[in-house]
Amino acid sequence: MKEVLRTCCVCRKKQNKFHMNRISNQGENVFLDNKKEHGGKATYVCKNNDCLNTLVSKKVLNRVFKHNFNIDVYKKLSEELIDTKY
Ligand SMILES: [Zn+2]
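All of the points below concern the structure found in this document.

Cut-offs applied
Along each chain, numbering runs from 1 in the same order as the chain's sequence is written. Per-residue local features of the predicted model are confined to residues with pLDDT of at least 70, and side-chain atom pairs are confined, for both listing and counting, to 80 or more; whole-chain, interface and lining totals are unaffected and use all residues. Runs of H or I in DSSP of at least four residues are treated as helices and runs of E of at least two as strands, each being numbered from the N terminus. Three exposure classes are used. Buried residues have 20 or more other C-beta atoms within 10 Å of their own C-beta, exposed residues have 12 or fewer, and partly exposed residues fall in between, all C-beta atoms being placed from the backbone. Whether two residues are in contact depends on their C-beta atoms, placed from the backbone: they are in contact if these lie within 7 Å. We define the nonpolar core as any set of buried residues of the types Ala, Val, Leu, Ile, Met, Phe, Trp, Tyr and Cys, connected via C-beta atoms lying within 7 Å of each other. Only strands joined by at least two bridges in the DSSP assignment are considered to pair.

Re the environment of Leu61
Then, number 1: By the secondary structure assignment, Leu61 is in helix H2 (residues 60–64).
Then, number 2: The exposure class of Leu61 is buried, given the 23 C-beta atoms found within 10 Å.
Then, number 3: Between the C-alpha atoms of Leu61 and Cys9, which are 52 residues apart in sequence, the distance is 8.2 Å.
Then, number 4: With sequence-adjacent residues up to four places away left out, Leu61 is seen in contact with Ile23, Val30, Leu55 and Phe69.

Quick look at the structure:
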């Protein structure tokens, strides 16, 4: 099977997409979307503590999606991401 590589928006490493979380953006909201249920803009982040923590603490998604997301949006996302950490 062909490997599908995605670039992490935090560390810029390329990895197989099965080792990454897909995060979708819709309007004012960002959310975990590993089942790819939502179209539109999306980015990928590694499933490790460093990248997930940096994603939230540095608000990396503001830069990626060119939007200032509310802190509550990040809090909710980080709760969703906790389950995916390894
Ligand atoms: Zn990463």
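That covers the picture; the talk isn't over yet.
Concerning the nonpolar core
Then, number 1: Counting residues in each nonpolar core, the largest one holds 15 residues, and the members touching the most others are Cys8, Val10, Val45, Cys51 and Leu55.
Then, number 2: Elements that contribute at least two residues to this core include exactly strand E3 (20–26), strand E5 (42–46), helix H1 (49–57) and helix H3 (71–82).

Things to note about the pairing of E5
Then, number 1: Counting buried residues along E5, 4 of its 5 residues qualify, which places the element largely inside the surrounding structure.
Then, number 2: Of the strand pairs in this sheet, E3 and E5 are connected by 5 bridges, and their pairing is antiparallel. Paired with Arg22 across the strands is Tyr44, a residue of E5.

Regarding unusual backbone geometry
For residues besides glycine, phi is generally negative; the peptide bonds are generally trans as well.
Then, number 1: Notably, Lys36 is not glycine yet its phi reads approximately 55°, a positive angle.
Then, number 2: Using a count of 10 C-beta atoms within 10 Å as the deciding quantity, one classes Lys36 as exposed.
Then, number 3: Backbone geometry at Lys66 places phi at a positive 50°, although glycine is not the residue there.
Then, number 4: For Lys66, the position within the fold is in the loop between H2 and H3.
Then, number 5: Residue classification places Lys66 among the exposed residues on the basis of 9 C-beta atoms within 10 Å.

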